[in-house]
Amino acid sequence: MIFDELSFLINALKNKGTGFFLVEAPDDATHDDLMDKIKNAIESYEDKKTAVIYLLEKLPAQSIFSFVRDFVESFYDRQIFFIRNLEIAAGNTPENFLSELNFSRETLYSLNRNFIFMMNPDFAGLFMKYARDIFSWIPHRYRFEGKDIGFQKPVHPTYAKEEIEIGDDKDRKYVPELIDLYEEQLQEASDNPKFSVKNIIKPLSDLYKKYGDYNKELFCRQQITAFYKEIGGAEYAESLVKIGVAQHNLSAGGQAGNAHPEEDIQKAIEAFKEALNVYTPEKFPVEYAQTMNNLGIAYWDLWAGATVTKNENLQNAISAYKEALKIYNAKDFSVEYAETQYNLELAYRKLPSDFKMKII
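Residues numbered from 1 in each chain as written. Predicted model: local features only at pLDDT ≥ 70, side-chain atom pairs only at ≥ 80, totals over all residues. Heavy atoms only, no water.

### Some remarks on the nonpolar core
Put simply, the rule reads: Grouping buried Ala, Val, Leu, Ile, Met, Phe, Trp, Tyr and Cys residues that are joined through side-chain atoms within 4.5 Å yields what is termed a nonpolar core. Throughout, exposure labels follow a simple rule: accessible area from a 1.4 Å probe, protein chains only, divided by the maximum for the residue type, with under 20% read as buried, over 50% as exposed, and the rest as partly exposed. Numbering goes from the N terminus for both helices and strands, where a helix is a DSSP run of H or I of at least four residues and a strand is a run of E of at least two. Residue contacts follow a heavy-atom distance rule, with two residues in contact if any of their heavy atoms lie within 4.5 Å.
Ranked by internal contacts, the top residues of the largest apolar core, which has 67 residues, are Leu13, Val23, Ile38, Ile116, Tyr142 and Leu295. Among the elements that line this core, the one with the most residues is helix H15 (residues 285-305), at 8 residues. Every residue in contact with Ile38, bar those within four places of it in the chain, is listed here: Leu6, Leu9, Ile10, Leu13 and Phe82. Counting residues in hydrophobic clusters, the runner-up holds 29 residues, among them Leu22, Ile53, Ala124 and Ile138.

See below:
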């Protein structure tokens, strides 16, 4: 739905101070209409201002970054910049133009502004091909057709950078609206699993988590993990840790579907262990320590509910905490070190004296 797309875009612009956005529309009239609606919604809501950068005005010998930088410095009080005329500025060699733009990714980002790249769908295809680095930093593509864009009151902003913070009851009531928007987008999503996972399923799973719907969160996390399993690497390990946390939360959430909390915790343990095949202390020391601490907590909770093998679970928890403390030292990780030491002390207190002698 067009209203949904525009609401998502405006919410993102309200919450993000720095970032790149890709907006596709078939003609200048639609782009102009979009800019007017975004400008009115942003500037009427809070003290944020917009400006338009026409790349057609760039001198041939001037680099894209220097042109954009000079423009931003001339409008230093503006936070949001629409970038127009990319197709015309690219001329007959769009691959060279977009490669230069791609090369400017870090320097453009360092200007600490929001940049909205506005282009037609055909040029967007070239943008994704020759400006891959910039495109990889764009969290969502916004597509609009050449017809009237209906827009009413924007959705209340409650999230930023995929981390959705739910405050008081006034803010909380808007979360279901955001969930509905993402669910509708998921139904209308293309057959591109990479796009769906990155732009829809990931933020949707975060929303479910913040709202406490761990069953639906877990379902989303499972889809994410299934996608990254074929790719492997750090993203797969990260998805495993998040699915472990979701499974652990479900065990204590008191929701339907977790009639056997010990089984949920055991699944969380399995996910953490699998993640540790990637998160080694040599390559990913911080992630290794975090996952080890999660593993220790899961074993602790398994001890609390188990009727058998209670001491074994405690020993496993202690071993995991000790592994985490090989990374979490008091100097560099004071908070994590203190928390893990506290967890370790609790586990030792519950362990029978004869078992303490075996593991000290």
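The discussion continues.
### Here's the deal with the pattern of salt bridges
The test is simple: When a carboxyl oxygen of Asp or Glu lies within 4 Å of a side-chain nitrogen of Lys or Arg, that pair is called a salt bridge.
Tallied over the full model, the rule gives 14 salt bridges. For Asp32, the salt bridge goes to Arg84, with nearest N and O atoms at 3.1 Å. Within this pair, whereas Asp32 is found in helix H2 (residues 28-45), its partner Arg84 is found in strand E3 (residues 80-84), the two being separated by 52 residues in sequence. For Asp32, a relative accessible area of 35% gives the class partly exposed. For Asp77, the salt bridge is made with Arg78, and the minimal N-O distance between the two is 3.3 Å. With relative accessibility at 29%, the residue Asp77 sits in the partly exposed group. Salt bridges sharing partners connect three or more residues here, namely Glu24, Arg141 and Arg143.

### What about the packing of helix H11 (residues 193-211) against helix H12 (residues 214-229)?
Put simply, the test is: Geometry is summarised by axes, namely lines fitted to C-alpha atoms with helices restricted to the contacting stretch, and by angles between N-to-C directions that run from 0 to 180 degrees. Roughly parallel covers angles under 35 degrees, roughly antiparallel covers those over 145, roughly perpendicular covers 65 to 115, and oblique covers all other angles. Left-handed describes a crossing in which the near helix is turned anticlockwise from the far one by less than a right angle; the clockwise case is right-handed.
Following both chains from N to C, one finds H11 and H12 inclined at 150 degrees, their axes separated by 9 Å at the closest point. In terms of their interaxial angle, H11 and H12 are classed as roughly antiparallel. In the packing of H11 onto H12, the handedness of the crossing is left-handed. For the pair H11 and H12, contact is made by Pro193, Lys194, Val197, Ile201, Lys202, Leu204, Ser205, Asp206, Tyr208 and Lys209 and by Tyr214, Lys216, Glu217, Cys220, Arg221, Gln223, Ile224, Phe227 and Tyr228, respectively.

### Focus on helix H3 (residues 64-74)
Along H3, the residues classified as buried are Ile64, Phe65, Ser66, Phe67, Val68, Phe71 and Val72. Contact partners of the buried residues in H3: strand E2 (50-54), E3, helix H5 (94-103), helix H6 (105-109) and strand E4 (114-119).

### Some details on H11
Just so we agree on the cut-off: Bend is computed residue by residue as the angle between axes fitted to the seven residues ending at the residue and the seven residues starting at it.
Along H11, the sharpest change in direction is near 35 degrees and occurs at Ile201; proline Pro203 comes one to four residues later. Those residues of H11 that sit buried are Phe195, Ser196, Val197, Asn199, Ile200, Ile201, Pro203, Leu204, Ser205, Asp206, Leu207 and Tyr208. Gly212 occupies a position one or two residues after H11 and carries a positive phi of about 85 degrees.

### Side note on the pairing of E3
To keep it simple, the criterion reads: The handedness rule is simple: strands pointing away from the viewer, and a clockwise path from the first strand over the helix to the second, make the crossover right-handed.
For E3, a buried count of 5 out of 5 residues is recorded, marking the element as mostly surrounded by other parts of the structure. The parallel pair E2 and E3, bridged by H3, forms a crossover whose chirality is right-handed.

### Section: the confidence of the model for the protein
The test is simple: By definition, pLDDT measures how confident the predictor is in each residue, and it falls between 0 and 100.
This prediction gives the protein a mean pLDDT of 81; 82% of its residues lie at or above 70. Long-range and interchain partners of residues 147-171, a stretch whose pLDDT sits below 50, account for 60 contacts in this model, where long-range means more than four residues apart. This model gives residues 355-360 a pLDDT under 50, and the stretch forms 10 contacts once residues within four places in sequence are excluded.

### Brief notes about the packing of aromatic side chains
Just so we agree on the cut-off: Each Phe, Tyr or Trp ring, with Trp reduced to its six-membered ring, pairs with another whose centre is within 6.5 Å; inter-plane angles below 30 degrees give stacked pairs, above 60 give edge-to-face pairs, and intermediate values give tilted ones.
This structure, assessed with the given rule, holds 12 aromatic pairs. Taking 5.5 Å as the distance between ring centres and 55 degrees as the angle between the ring planes, the aromatic pair formed by Tyr328 and Phe333 counts as tilted. Take Tyr328 and Phe333: they sit in the same class, and that class is buried. Linked through ring pairs, Phe20, Phe71, Phe75, Phe81, Tyr109, Phe115, Phe117, Phe127 and Trp137 together constitute an aromatic cluster.

### Some details on the pairing of E4
Applied cut-off: The criterion for strand pairing is that DSSP finds at least two bridges linking the strands in question.
Counting buried residues in E4 gives 6 out of 6 residues, a clear majority hidden from the surface. The two faces of E4 match: Asn114, Ile116 and Met118 on one face and Phe115, Phe117 and Met119 on the other face are all buried. Sheet analysis places strand E1 (residues 19-24) next to E4, joined by 6 bridges and oriented parallel. Directly across from Glu24, in E4, lies its bridge partner Met119. Bridge count between E3 and E4: 4 bridges; the pairing is parallel. Each bridged residue has a counterpart across the sheet, and for Phe82 the counterpart in E4 is Ile116.

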